[in-house]
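A closer look at the structure
Spelled out from the first residue to the last, the chains are:
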Amino acid sequence: LWESGHCSVKFFLRNEHYKAAVSNGLRVHSVQGDIYISPDALQAYDSTSEMIQHDDDDLDWVIVALKSSSLTSIPDLILPILSPNTRVLVIMNGMIEEDLIGSLKQATGQVDDDDDDDDSPLQCCKALYGGMALICSNRVQPAVVDHTYFGLLSAGVASTNSANMNEDKEAFFDLFDPTIVDVQFESSLLRGRWKKMIWNLPFNGISVAMGGISVDKIVN
């Protein structure tokens, strides 16, 4: 998205990754061509609330790329930067509805702890997408990413305030159309999750059985 130049991209980075990025920039070693964002060009923040300085700075998209082990941290991170017009893409194997949507509703007072059956759309954003990435990348050191396989990024809608799903589908394609990222829209998030697991589970099992070897060694 940053490389395409068609939108302003702000990065939230944590801990040593933020410190390294503001000092040395953000570097991606990729099979599709390396990317380097210098410290001067990098819009890096260690607090999400600092991303929005004025009332007219509403973000069109928020992309969450945390590991699923950080799921409980997401509401506090993204709620300060959401608006009714913001779309959220959570690239976490699509497994977000029950846990993340419920916690966002509770954090905003949309439901209480005793209201577990509420299926109304989130009021804190325009739409929430579950993303599945068939892409192999590893963070090899602070602010340095090694990208070894260029696969598909797919997404399906988990919650929406749009009039119909075509609006959400078009918005997703419009975001990535100027980029080299290969994307696919899943009309069924459940089906998208299943396809991701079929792709992912063999790697997980072999990696654990072989003591934590990396994906490139498994493929070879």
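Residues numbered from 1 in each chain as written. Predicted model: local features only at pLDDT ≥ 70, side-chain atom pairs only at ≥ 80, totals over all residues. Heavy atoms only, no water.

Our focus in this paragraph is the overall build of the chain. Looking only at helices and strands, the chain features 6 helices and 11 strands. Computed over the C-alpha atoms, the radius of gyration of the chain is 18 Å, within 12% of the 17 Å expected from 2.2 N^0.38 for a compact globule of 220 residues. In terms of overall dimensions, the chain has C-alpha extents of about 45 × 40 × 30 Å along its principal axes. Buried residues in the chain amount to 38% of all 220 residues. Counted over contacts in the chain with a minimum sequence separation of 6, partners at least 24 positions apart contribute 68%. Put simply, the chain shows about 12,500 Å² of open surface, and 48% of that area lies on carbon and sulfur atoms. The distance from the centre of the 15 positive side-chain charges to the centre of the 32 negative ones in the chain is 8 Å. (Helix = DSSP H or I, 4+ residues; strand = E, 2+ residues; numbered from the N terminus. Rg over C-alpha atoms; globule rule 2.2 N^0.38 Å. Buried < 20%, exposed > 50% of the residue type's maximum accessible area, 1.4 Å probe, protein only. Contact = heavy atoms within 4.5 Å. Areas by Shrake-Rupley, 256 points an atom, 1.4 Å probe, with all protein chains shown as cover. Lys, Arg positive; Asp, Glu negative; His and termini not counted. Charge placed at Lys NZ, Arg CZ, Asp CG, Glu CD.)

Now for the pairing of strand 8 (residues 136-141). The pairing of strand 8 with strand 9 (residues 144-149) spans 5 bridges and is classified as antiparallel. For Ser137, the partnering residue across the bridge sits in strand 9 and is His147. (Pairing = 2+ DSSP bridges.)

Our next topic: the packing of aromatic side chains. When we look at a pair of aromatic rings, we describe it by the centre distance and by the angle of the planes. Summed over the entire model, instances satisfying the criterion amount to 5 aromatic pairs. When the centroid spacing of 5.2 Å and the interplanar angle of 40 degrees are considered together, the rings of Trp61 and Tyr129 count as tilted. Taken together, the residues Trp61 in strand 5 (residues 61-64) and Tyr129 in strand 7 (residues 127-133) connect sequence positions 68 residues apart. The residues Trp61 and Tyr129 share a single accessibility class, namely buried. Ring plane angle 50 degrees and centroid distance 6.4 Å describe the contact between Phe172 and Phe185, whose orientation is recorded as tilted. Residue Phe172 is located in helix 4 (residues 165-176), and its partner Phe185 is located in strand 11 (residues 182-186); the two are separated by 13 residues in the primary sequence. The exposure classification of Phe172 matches that of Phe185, with both residues buried. (Phe/Tyr/Trp six-rings, centres within 6.5 Å; stacked < 30°, edge-to-face > 60°.)

Below, the discussion takes up the environment of Thr86. With respect to the helices, strands and loops of the structure, Thr86 is situated in the loop between helix 2 (74-78) and strand 6 (87-91). Linking Thr86 and Cys7, residues 79 residues apart in sequence, is a C-alpha distance of 15 Å. Apart from residues lying up to four places away in sequence, Thr86 is in contact with Leu59, Asp60, Trp61, Val62, Ile81, Cys125, Lys126 and Ala127. A distance of 2.9 Å separates a polar atom in the side chain of Thr86 from a polar atom in the side chain of Ser83. (Polar contact = N/O pair within 3.5 Å; in protein donor to acceptor, adjacent residues only side chain to side chain.)

Before going further, it helps to examine the confidence of the model for the chain. In low-pLDDT regions, the fine details of the predicted coordinates are not to be read closely. Predicted confidence across the chain gives a mean pLDDT of 89, with 96% of residues reaching 70 or more. Summarising per-element confidence for the chain, the mean pLDDT is lowest in helix 6 (residues 215-219) (78) and highest in strand 3 (residues 35-37) (97). (pLDDT = per-residue confidence, 0-100.)

Most often, soluble globular proteins keep nonpolar side chains buried together rather than apart. By size, the foremost hydrophobic cluster in this structure holds 23 residues, and its most contacted members are Val62, Val64, Ile78, Val88 and Val90. Put simply, the parts of the chain that give this core at least two residues each are strand 5, helix 2, strand 6 and helix 3 (97-108). Residues contacting Ile78, with those up to four places away along its chain left out, are Val62, Val64, Val88 and Leu104. (Core = buried A, V, L, I, M, F, W, Y, C linked by side-chain atoms within 4.5 Å.)

This part takes up the environment of Ile52. For Ile52, the location among the structural elements is in the loop between strand 4 (44-45) and strand 5. Apart from residues lying up to four places away in sequence, Ile52 is in contact with Asp57, Leu59, Pro80 and Ile81.

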